[in-house]
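Tertiary structure, described
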Amino acid sequence: MESLHASASINLKELKRLYTGNELFTFQNIGNSDANDEAVVIYLNPLVDEKRLNQLIIRKMNMDLRENSGPVGEVILDSLHTLGDVTILVEIEEIINHIADANFVLIIDGHVEAYAMKLPGFETRAIDEPQVELNIRGPREAFTEDLQKNLGMVLRRIKSPQLKAKSFVIGKDSQTKVMLLYLADRTDSQVLNELRQRMDAIQLDVLSDSMQIEEWIQDSTFSPFPQLLNTERPDRVVTAMNRGKIVIMTDGTPNALIAPSTFFEMLHPSEDQFERFYFANFLRIIRLITLIVSLIGPSFYIALTTFHLEMIPTPLLMTFLSAKAGIPFPTFIEALIMEVAFEVLREASMRLPRIMGQSVSIVGALIIGEAAVQSGIVSRPMVIVVAMTGIASFTIPYYSTAIALRLLRFPLMFLTALTGMFGLSIGMFIVIFHVCSLRFCGVLYLDPIGSEGYKNSIKKIFLPPVRYRARLKRERSELDVPNRQTHYSHAKEWD
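Summarised in this report is the structure supplied together with it.

What counts as what
By convention here, each chain's residues receive numbers from 1 onward along its written sequence. Since the coordinates come from a predicted model, pLDDT governs what is reported: local features require at least 70, and pairs of side-chain atoms require 80 or more to be given and counted, while whole-chain, interface and lining totals use all residues. Calculation of side-chain values draws on the structure's entire complement of heavy atoms; hydrogens and water are dropped beforehand. Pairing between two strands is assigned when DSSP locates at least 2 bridges connecting them. Note on conventions: DSSP H or I runs of at least 4 residues are helices, E runs of at least 2 residues are strands, and numbering of each starts at the N terminus. Lines are fitted to the C-alpha atoms to define the axes, a helix being fitted only along its stretch in contact, and any angle between axes, read from their N-to-C directions, falls within 0 to 180 degrees. Throughout, a residue-residue contact means that at least one pair of heavy atoms, one from each residue, lies within 4.5 Å. Grouping buried Ala, Val, Leu, Ile, Met, Phe, Trp, Tyr and Cys residues that are joined through side-chain atoms within 4.5 Å yields what is termed a nonpolar core. The rule is simple: take the accessible area with a 1.4 Å probe, protein chains only, and divide by the maximum for that residue type; under 20% is buried, over 50% is exposed, in between is partly exposed. Here a cavity is any set of points on a 1 Å grid over the protein atoms alone where a 1.4 Å probe fits but cannot get out, and a pocket is any open set with protein on both sides within 12 Å along at least 5 of 7 lines; a residue lines the site when it has an atom within 4 Å of a point. Grid points are joined across faces, edges and corners, and a volume is the space filled by probe spheres set on the points. When residues are sorted by character, Ala, Val, Leu, Ile, Met, Phe, Trp, Tyr, Cys and Pro go into the nonpolar class, Asp, Glu, Lys and Arg into the charged class, and all the rest, Gly among them, into the polar class. Residue count minus one, scaled by 1.5 Å, sets the expected span of a helix.

1. Quick look at the sheet that holds strand β7 (residues 176-183)
Strands in a sheet are paired, the pairing made by backbone hydrogen bonds, and the direction either parallel or antiparallel. Reading across from one edge, β6-β7-β9-β10-β8 is the order of the 5 strands in this open sheet, with antiparallel pairing throughout. Each having just a single partner strand, β6 (163-170) and β8 (229-231) make up the two edges of the open sheet. The average undirected angle you get between the axes of adjacent strands in this sheet is 25°. With 4 bridges connecting them, β7 and strand β9 (residues 246-250) associate as antiparallel partners. Each bridged residue has a counterpart across the sheet, and for L181 the counterpart in β9 is V247. Strands β6, β7, β8, β9 and β10 (256-259) of the sheet are contacted by helix α7 (residues 210-217), whose axis makes an angle of about 135° with β9.

Shown next as structure tokens:
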């Protein structure tokens, strides 16, 4: 790293060289220093509020120079200190990072230090309602792309001094600021140390979204199941920290990552904590049922109608056989055609403008489904099964989990088409075995099921939400997981 020179002209010349070809690089001389660059303000004009800079800051510096006698540098520096918090810089690289972070930098001749002050002038999106995690009861504000706004929404809800924050700068070129938030009295210190080491190990040129962080720090890169919970709701972040979780917030991303996350947390929306626990637990049971339907619905139908006709009641079997008459494809091909068509419609409705998307999905489903049945390509029961499976997948509150179930549905259909219920059983065994083997920083993905037994699992899943949150930390502190250390855990403890 190159240190600053005592000559303001030399420093300015070096910065001009680094920003050659960048017309956004701007500098202004203070007072009558045009000849020798005695004091210079530098900045990138799209990032800085240039109007306030000229009318308030530079104007005040020039006024103080006219009214006060003494060294020019000292007068200007005293004037700057009266305007706000000043950061002292000693290296060229620090100047580059600060002007890229919406600061203006003052260079004074004879000083081996530069002085930076934040003065953002770009527009940011206003706080709005969540677009993905919708709810009926509870707060209706979502994170934005501005990290400071996001931190403010969290700090407004947690006023305890136990709330700790650790900042990281990730991205060689982007220099993106990332914050780690947690409650010190509730967070597992081993998990915290492990996560901080993983964050330090991230090597990226440009960090543009928190998903890149998730890919770097997760244990199982090729698992279809998300191992960190991605949320756009500040209230969910606060609830997670209250339960001993660690939150990762990235500048420029309207989402936060919650770690470590478990499978059952992916099935519980934040709205559950605002409902009576009778209703919340009833809806949780419904989601568990629809999760199973979403995963194995078409596969189960293929197994019954292809290999295990004796399991179907006779009246229902006669209905299936009459509907199947004249269909040229086997049941597996029917299911594959309808599932692919459903996924195409779903993707098209998401990419189209919001006004058109809903119309396309409804009209497309009605027209294509009815036309397929009328033309004898697929049977009516298959349309019903695929429609029920698609609707069941919409009840999964976490989008990444729903995607994982949609992807796993296809290999399960293939295995079932080969050997019937035996293939479906083998496929489900592989999925369950994989989910049981997942960990994040030593915490089981199926925690608490894998570590505390059946009785405590039922309690944790179905206790009233308020009591559930109050008990969780105490129970987790009694937990002894011998395999908590992973390949990241060889470093020393953090101070």
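Anyway, onward from the coordinates.
2. A look at the nonpolar core
With 58 residues, the main nonpolar core has V154, F225, M241, V247 and M249 as its most contacted residues. The biggest single contributor to this core is helix α9 (residues 277-306), with 7 residues. Contact partners of F225, with chain neighbours within four places excluded, come to F263, A404, L405, L408, V431, H434, V435, L438 and Y445. Core analysis: the second largest hydrophobic core is formed by 22 residues, V178, L204, L207 and I246 among them.

3. Quick word on the environment of H98
The residue H98 is located in helix α4 (residues 92-99) in this model. H98 sits in the partly exposed class, given a relative accessible area of 22%. The spacing of H98 and A116 is 18 residues in sequence and 7.1 Å in space, taken between C-alpha atoms. In this structure, H98 is in contact with T87, L89, N103, V105 and A116, ignoring residues within four places of it in sequence.

4. Thoughts on the layout of surface pockets
Space left empty within the atom packing is revealed by a probe, the size of a water molecule, rolled over the atoms. If you add up the space inside the second largest pocket, you get close to 1100 Å³. Lining the second largest pocket are 31 residues, and of these A100, D101, A102, K118 and D251 sit closest to its centre. Elements supplying a minimum of two residues to the lining of the second largest pocket: α4, β5 (114-118), α5 (147-155), β6 and β7. Top element by residues in the lining of the second largest pocket is α4. It accounts for 4 residues. Counted by class, the lining of the second largest pocket contains 10 nonpolar, 11 polar and 10 charged residues.

5. A short note on the environment of F104
Counting through the fold element by element, F104 comes out in strand β4 (residues 103-108). With 56 residues separating them in the primary sequence, F104 and V48 have C-alpha atoms 7.1 Å apart. Ignoring any residue separated from it by four or fewer positions in sequence, one finds F104 in contact with V41, I42, Y43, V48, L53, I57, L80, Y115, A116, M117 and L119.

6. What about the sheet that holds β4?
The antiparallel open sheet is built from 5 strands, whose spatial order is β1-β2-β4-β5-β3. The outermost strands of the open sheet, each flanked by one partner alone, are β1 (25-29) and β3 (87-89). Taken pair by pair, the neighbouring strands of this sheet meet at an average axis angle of 25°, ignoring direction. Two elements, β1 and strand β2 (residues 39-44), share 5 bridges in a ladder whose sense is antiparallel. Directly across from N29, in β2, lies its bridge partner V40.

7. A short note on helix α13 (residues 380-394)
End to end, α13 covers 22 Å across 15 residues, agreeing with the expected 21 Å (1.5 Å per residue, within 8%). Looking only at α13, the buried set comprises P381, M382, V385, V386, T389, G390, A392 and S393. Those residues of α13 that are buried are in contact with α9, α10 (314-324), α11 (331-351) and α14 (399-419).

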